[in-house]
Amino acid sequence: MQNKGLVIVTAVLLTLASIFYLSFSAATRYYDTQAAKLADPVAEQNYKDSVKYLGIYSYQKCLETQIGLGLDLKGGMTVILEISVPDVLENLADHKTDEAFVKSMKEAKAEEEKSQADFITLFTEAYKRNAPGHKLSEIFATQQLQGKVSPQSSDAEVTRVLRQEVQAAIDNSFNVVRTRIDKFGVVQPNIQKLEGQDGRIMVEMPGIREPERMRKLLQGSANLEFWETYNSEEIVPYLRQLDTRYAASLSQTKDTAATDTTSVET
């Protein structure tokens, strides 16, 4: 009898726990429906930011707590992102206009469409054909690769460095994509590098209702800008001069108005 009672209590507790977690899915659906009635993206987001389920859980917390359904049940968006290896190499070469380099890049791009070899292999083979007797270090001994590639570096050493730099670019892009998706608020995304496909990242995002906005977010480029600023000590004297002139102008206007009033009364 005691075992039977324990089973019943356990079953009740599990049922209550299941209902509790399922309620988060119902809550998010309800909030989504109410937000959609506003027909304004800003108002919708403000509404979602303001709601509190059970007076405790925010909309974002509800999304994180609800049972994940995945793309097959919930729908969403799948994106394959590809890092442009040719662009990485051109950047590492400081966009040189050397004839052999430019020709080798074009040939490697054309060959990549019908070959199983990776782009770096195709490029190095093309460069050897187009620049016999020349070394890859003549192209890649740049400021960016200082300390990694020197004019004395062998082709094997340069190739190894290029692969490392491309992998670093892929890893950095992977981290950028993950950060952007996390800030967008996607719940339980699946982000992974595709095995055997260098430079490709697959992103699965359940529940996405604004695919175009997400596409722009993932494809957008970050720009680092520098603006010239001034210290307060440099601009305060000018502000004081403007304040003095403005005060004098107001005083003159009041005197003129008083004079006009006196003339009319006379």
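In this report, we go over the structure that sits alongside the text. The residue count restarts for each chain, going from 1 along the sequence in the order it is written. Local features in this predicted model are restricted to residues whose pLDDT is 70 or higher, and side-chain atom pairs enter the listing and the counts only when it is 80 or higher, whereas totals over whole chains, interfaces and linings include all residues. Note that water and hydrogens are dropped before the side-chain values are worked out from all heavy atoms of the structure.

1. Re the packing of aromatic side chains
Stacked, tilted and edge-to-face pairs are distinguished by plane angle, under 30 degrees for stacked and over 60 for edge-to-face with tilted covering the rest, among Phe, Tyr and Trp rings (Trp via its six-membered ring) whose centres lie within 6.5 Å. Across all of its chains, the model carries 4 aromatic pairs by this definition. Measuring from centroid to centroid gives 6.1 Å for phenylalanine 123 and phenylalanine 140, while their planes differ by 85°, and the two rings are edge-to-face. Residue phenylalanine 123 is found in helix H7 (residues 119–130), and its partner phenylalanine 140 is found in helix H8 (residues 137–140); the two are separated by 17 residues along the sequence. Residue phenylalanine 123 shares its accessibility class with phenylalanine 140, and that shared class is buried. Only Lys NZ and Arg CZ are tested; either one counts as a charge over a ring when it is within 6 Å of the ring centre and within 35 degrees of the ring normal. When the ring centre of phenylalanine 174 is taken as reference, the NZ or CZ atom of lysine 193 above it lies at 5.3 Å. Only DSSP runs of H or I covering at least 4 residues are called helices, and only runs of E covering at least 2 are called strands; the numbering of each starts at the N terminus. Only protein chains enter the accessibility calculation, which uses a 1.4 Å probe; a residue is then buried when its area is under 20% of its type maximum, exposed when over 50%, and partly exposed in between.

2. Things to note about helix H6 (residues 99–112)
Compared with an ideal rise of 1.5 Å per residue, which puts 14 residues at 20 Å, H6 spans 20 Å between its outermost C-alpha atoms and is within 8% of the ideal. Of the positions making up H6, those classed as buried are Ala100, Phe101, Ser104, Met105 and Ala108. One side of H6 carries all its buried residues, which in axial view fall inside an arc of 135°. Set apart from the buried face of H6 by more than 90 degrees, the exposed residues are Glu99 and Lys106. Between two residues, a contact is recorded if the distance between any of their heavy atoms is within 4.5 Å. Buried-residue contacts for H6 involve helix H5 (85–92), H7 and H8. By the N-cap criterion, in which a side-chain oxygen at the helix start approaches the backbone nitrogen of a residue two or three places on, H6 is capped by aspartate 98, the distance to alanine 100 being 3.1 Å. Under the convention used throughout, the expected extent of a helix is 1.5 Å for every residue step, that is, one less than its residue count. Of all possible arcs, the one meant is that of the directions from the helix axis to the C-beta atoms. Side-chain atoms alone can form a polar contact between residues adjacent in sequence; in general such a contact is a pair of N or O atoms within 3.5 Å, and within protein one must be able to donate a hydrogen while the other accepts it.

3. Overview of unusual backbone geometry
Positive phi, close to 60°, is recorded for aspartate 94, a residue that is not glycine. Counting through the fold element by element, aspartate 94 comes out in the loop between H5 and H6. Given a relative accessible area of 41%, aspartate 94 falls into the partly exposed group. Positive phi values are uncommon outside glycine, yet histidine 95 reaches one of about 55°. As for its position among the elements, histidine 95 is in the loop between H5 and H6.

Function cannot be inferred from these measures alone, as they are strictly geometric.
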